[in-house]
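# Structural features, examined
If you want the building blocks of each chain, they are given just below.
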Amino acid sequence: MSAATETLNPAGHADEHGHDHGHDHDHGHHASTGWRRWVYATNHKDIGTLYLWFAFTMFITGGTMALGIRAELFHPGLQFWQPEFFNQLTTLHGVIMVFGAIMPAFTGLANWMLPLMLGAPDMAFARMNNWSFWLLPPAALLLIISLFVPGGAAAGGWTLYPPLSIQGGMGMDFAIFAIHLLGISSIMGSINIVTTILNMRAPGMTLLKMPMFAWTSLVTAYLLIAVAPVLAGAVTMLLTDRHFGTHFFKAAGGGDPVLFQHIFWFFGHPEVYIMALPAFGIVSQIIPTFSRKPLFGYVSMVYATASIAILSFMVWGHHMFAVGMPATTQLFFMFMTMLIAVPTGVKVFNWIATMWQGSMSFETPMLFAIGFVCLFTVGGFSGLVLSIAPIDTEMQDTYYVVAHFHYVLVAGALFSLFAAVYYWLPKWTGNMYSEKAGKFHFWWSMVWFNVTFFPMHFLGLAGMPRRIPDYPLQYTDFNSVASVGAFCFGLGQLFFLYNVIHTIRGGVGKAPANPWDAHTLEWEVPSPAPHHTWESPPDEALVKKGLVAQALEH
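Figured I'd write up the structure that's included with this text.

What counts, and where the lines are drawn
Residues numbered from 1 in each chain as written. Predicted model: local features only at pLDDT ≥ 70, side-chain atom pairs only at ≥ 80, totals over all residues. Heavy atoms only, no water. Phe/Tyr/Trp six-rings, centres within 6.5 Å; stacked < 30°, edge-to-face > 60°. Helix = DSSP H or I, 4+ residues; strand = E, 2+ residues; numbered from the N terminus. Buried < 20%, exposed > 50% of the residue type's maximum accessible area, 1.4 Å probe, protein only. Salt bridge = Lys/Arg side-chain N within 4 Å of Asp/Glu carboxyl O. Expected span 1.5 Å × (residues − 1). Polar contact = N/O pair within 3.5 Å; in protein donor to acceptor, adjacent residues only side chain to side chain. Contact = heavy atoms within 4.5 Å. Patch = residues over 30% accessible without salt bridge, like charges linked within 9 Å, V, L, I, M, F, W, Y side chains within 5 Å. Areas by Shrake-Rupley, 256 points an atom, 1.4 Å probe, with all protein chains shown as cover. Core = buried A, V, L, I, M, F, W, Y, C linked by side-chain atoms within 4.5 Å. Axes fitted to C-alpha atoms, helices over the stretch in contact; angles between N-to-C directions. Parallel < 35°, antiparallel > 145°, perpendicular 65-115°, else oblique. Left-handed = near helix turned anticlockwise from the far one by under 90°. Nonpolar A, V, L, I, M, F, W, Y, C, P; charged D, E, K, R; others polar.

## Comments concerning the packing of aromatic side chains
Throughout the structure, instances matching the rule amount to 55 aromatic pairs. For the pair Trp112 and Trp428, a centre-to-centre distance of 5.7 Å together with 35° between the ring planes defines the contact as tilted. Here the residue Trp112 occupies a position in helix H4 (residues 83-118), and Trp428 occupies one in helix H15 (residues 399-429), the gap between them amounting to 316 residues. The exposure classification of Trp112 matches that of Trp428, with both residues buried. Residues Phe368 and Phe418 carry aromatic rings whose centres are separated by 5.4 Å and whose planes lie at 55° to one another, so their mutual orientation is tilted. With Phe368 in helix H13 (residues 364-386) and Phe418 in helix H15, this pair connects stretches of sequence that are 50 residues apart.

Written out as structure tokens, the structure reads:
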């Protein structure tokens with residue numbers, strides 16, 4: 001991280017237009033250096049950087065666990081782990097990737113970019129921002145330490161279904177506490193995002209003139225505020241069932257284990273969109289930039305985002321088609337799930353229409369964005385297959401489901417994060433990344449991702465269940481292919497890390513203020529972005545200039 005500390009030049013540098021955006025009013029309140037700069041950070045850029053490095057660390061941690069899973073499944077029979085430990089790997093891999101890698105990465109991007117895009121001097125609550133970040137490392141530590149306590153880590157899958165989660169050892173209590181901390185962090189980060197977007201936009205920037213990334217961040221933050229307490233309630237009931245003699249989910253005491261599934265998925269399905277919507281926002285910034293056209297159907301994109309958010313509260317039962325719900329309930333959830341595919345489809349067609357007849361160029365951010373559109377659509381279609389209740393009854397808890405959600409979360413959320421890093425890295429570091437290295441990272445990831453996860457569709461159709469350390473012989477070939485793909489994919493992410501560090505240390509040369517000729521406000525400040533930006537808000541003329549340039553371009 002010390003390398004990253006060198007990337008931000010001291011405030012007060014005039015940009016190439018000679019504006020100095022009011023950087024001379026610093027009063028030295030960011031003068032702290034060394035560890036204090038990070039521990040006491042209140043600057044949105046420093047906190048964004050902390051979030052992103054934390055998320056990458058968790059990505060490598062969760063990825064290592066995934067490789068532990070794939071190593072075991074390379075051949076039938078038990079090779080490396082006892083089944084108990086294998087279940088701890090699958091559980092922690094899920095929890096760490098969702099709550100430790102993807103969500104903090106998007107929060108980090110929101111922290112870094114929203115003030116710059118909106119023309120705000122910082123996030124609304126700078127000190128709360130510090131706290132929402134510093135709750136994350138202790139939570140991550142709890143999850144990792146839980147591997148070493150008696151009985152090992154939580155082993156009931158990332159969904160923590162009872163009765164397993166009631167019977168587990170103290171590792172489960174560690175996981176519950178970690179989830180509480182992560183939830184508090186998410187809620188505070190979201191309150192910050194909502195307040196910043198609603199109250200701190202530049203003059204002239206109405207809600208419907210905001211960049212699409214701001215819209216998706218706003219809607220995502222509202223979703224998180226709505227559902228993080230639901231998850232907290234569910235795991236708190238688990239805790240009291242475990243230690244305080246309640247019977248919320250214990251059938252023997254009159255409780256209902258299926259009740260937990262309802263509460264969990266009432267959180268869990270909006271959560272899926274919490275991980276998808278920011279990705280939609282990023283792709284909606286990148287595709288117009290590299291197509292040299294404004295985003296097609298901007299207003300419909302905003303409405304689609306809101307529709308997805310509202311509908312996401314009405315589909316949780318599609319995760320539970322196999323629990324014996326009444327037929328009418330199944331029908332309701334089935335039709336609502338098909339309905340939520342409509343606004344998602346609107347987005348996909350809008351992205352395609354944006355590229356249509358554009359003067360496209362294929363730099364790394366654009367490649368990842370196009371890869372996102374193609375593969376996310378595949379994941380969307382397999383989700384549509386699973387929305388059909390009688391089919392899902394067959395596919396429930398098979399590798400078909402694993403394939404589906406990894407297409408949505410790896411080729412979806414993760415690819416959009418890669419796109420975002422390549423897109424904004426010149427702004428963050430002031431240096432250009434190696435385009436050749438970036439393209440190599442894209443094609444390597446694209447190929448091995450599909451080698452890893454495409455065969456899982458076939459495994460699921462053939463009936464292989466999830467979360468098993470051993471399997472019958474007929475599943476061997478596809479598992480071997482998937483395991484080779486996973487190790488190659490993982491290796492490629494170390495290449496990404498090298499590329500980022502190389503860029504921080506100078507890359508292939510200095511980056512101009514606006515290397516992509518984009519029209520949003522973050523490109524009006526110098527590269528690297530000074531420590532303090534927009535201390536006096538941008539002129540209305542500057543906001544309009546971007547909008548006019550976008551309109552004229554076509």
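Right, picking up where we left off after that structure.
## As for the pattern of salt bridges
If charged atoms from side chains of opposite charge come close, those side chains can pair. Per the counting criterion, the structure on display carries 6 salt bridges. Between Lys439 and Glu435 there is a salt bridge, with its nearest N and O atoms 3.7 Å apart. Taken together, the residues Lys439 and Glu435, both in helix H16 (residues 435-461) and 4 residues apart, mark about one turn of the helix. Among the residues examined, Lys439 registers a relative accessible area of 30% and is labelled partly exposed. Looking at Glu435, the relative accessible area reads 23%, which means it is partly exposed.

## Section: helix H11 (residues 298-311)
Between its first and last C-alpha, H11 extends 20 Å over 14 residues, near the 20 Å set by a 1.5 Å rise per residue. The complete set of buried residues in H11 reads Tyr298, Met301, Val302, Ala304, Thr305, Ile308, Ala309 and Leu311.

## Describing the side chain of Gln88
Checked against the element boundaries, Gln88 lands in helix H4. Overall, the relative accessible area of 7% leaves Gln88 in the buried class. Here the side chain of Gln88 touches Ala153 through a polar contact of 3.0 Å, landing on its backbone nitrogen. Every residue in contact with Gln88, bar those within four places of it in the chain, is listed here: Leu147, Gly151, Gly152, Ala153, Ala154 and Ala155.

## Some remarks on a nonpolar patch on the surface
A contiguous nonpolar patch, built from Val378, Phe454, Phe458, Leu461 and Phe478 and spanning about 420 Å² of accessible area, is present on the exposed surface. In terms of residue count, the dominant contributor to the nonpolar patch is H16 (3 residues). With respect to the secondary-structure elements, Val378 resides in helix H13.

## Some thoughts on unusual backbone geometry
In this model, Pro162 is joined to Pro163 through a cis peptide bond whose omega is 5°. Along the chain, Pro163 turns up in the loop between helix H6 (136-145) and helix H7 (164-167). Of the consecutive residues Ser527 and Pro528, the connecting peptide bond is found in the cis state with omega at -5°. For Pro528, the position within the fold is in the loop between helix H17 (476-504) and helix H18 (540-553). Even without being glycine, Asp517 reaches a positive phi, approximately 55°. On the secondary structure map, Asp517 appears in the loop between H17 and H18. For Asp517, a relative accessible area of 48% corresponds to the partly exposed category. Even without being a glycine, Trp534 presents a positive backbone phi close to 50°. Mapped onto the elements, Trp534 comes out in the loop between H17 and H18. Residue class for Trp534 comes out buried when judged on its relative accessible area of 1%.

## Side note on the nonpolar core
The biggest cluster of nonpolar side chains holds 168 residues, and the ones touching the most others in it are Phe99, Leu109, Trp351, Trp424, Trp428 and Phe449. In this structure, Trp424 is in contact with Leu109, Met113, Met117, Phe213, Glu522 and Trp523, ignoring residues within four places of it in sequence. Grouped together as the second largest cluster of nonpolar side chains are 5 residues, Phe321, Met325, Met334 and Ala389 included.

## Let's talk about the packing of H4 against helix H8 (residues 170-199)
Contact pair H4 / H8: the axes reach a minimum separation of 11 Å and the direction vectors enclose 20°. As summarised for this structure, H4 and H8 are arranged roughly parallel, according to the angle between their axes. As for how H4 packs across H8, the hand of that crossing is left-handed. Contacts between H4 and H8 involve Phe99, Met103, Ala110, Leu114 and Leu118 from the former and Leu182, Ser186, Ile193, Thr196 and Ile197 from the latter. When the residues that make up the contact of H4 with H8 are grouped by side-chain class, the tally is 8 nonpolar, 2 polar and no charged.

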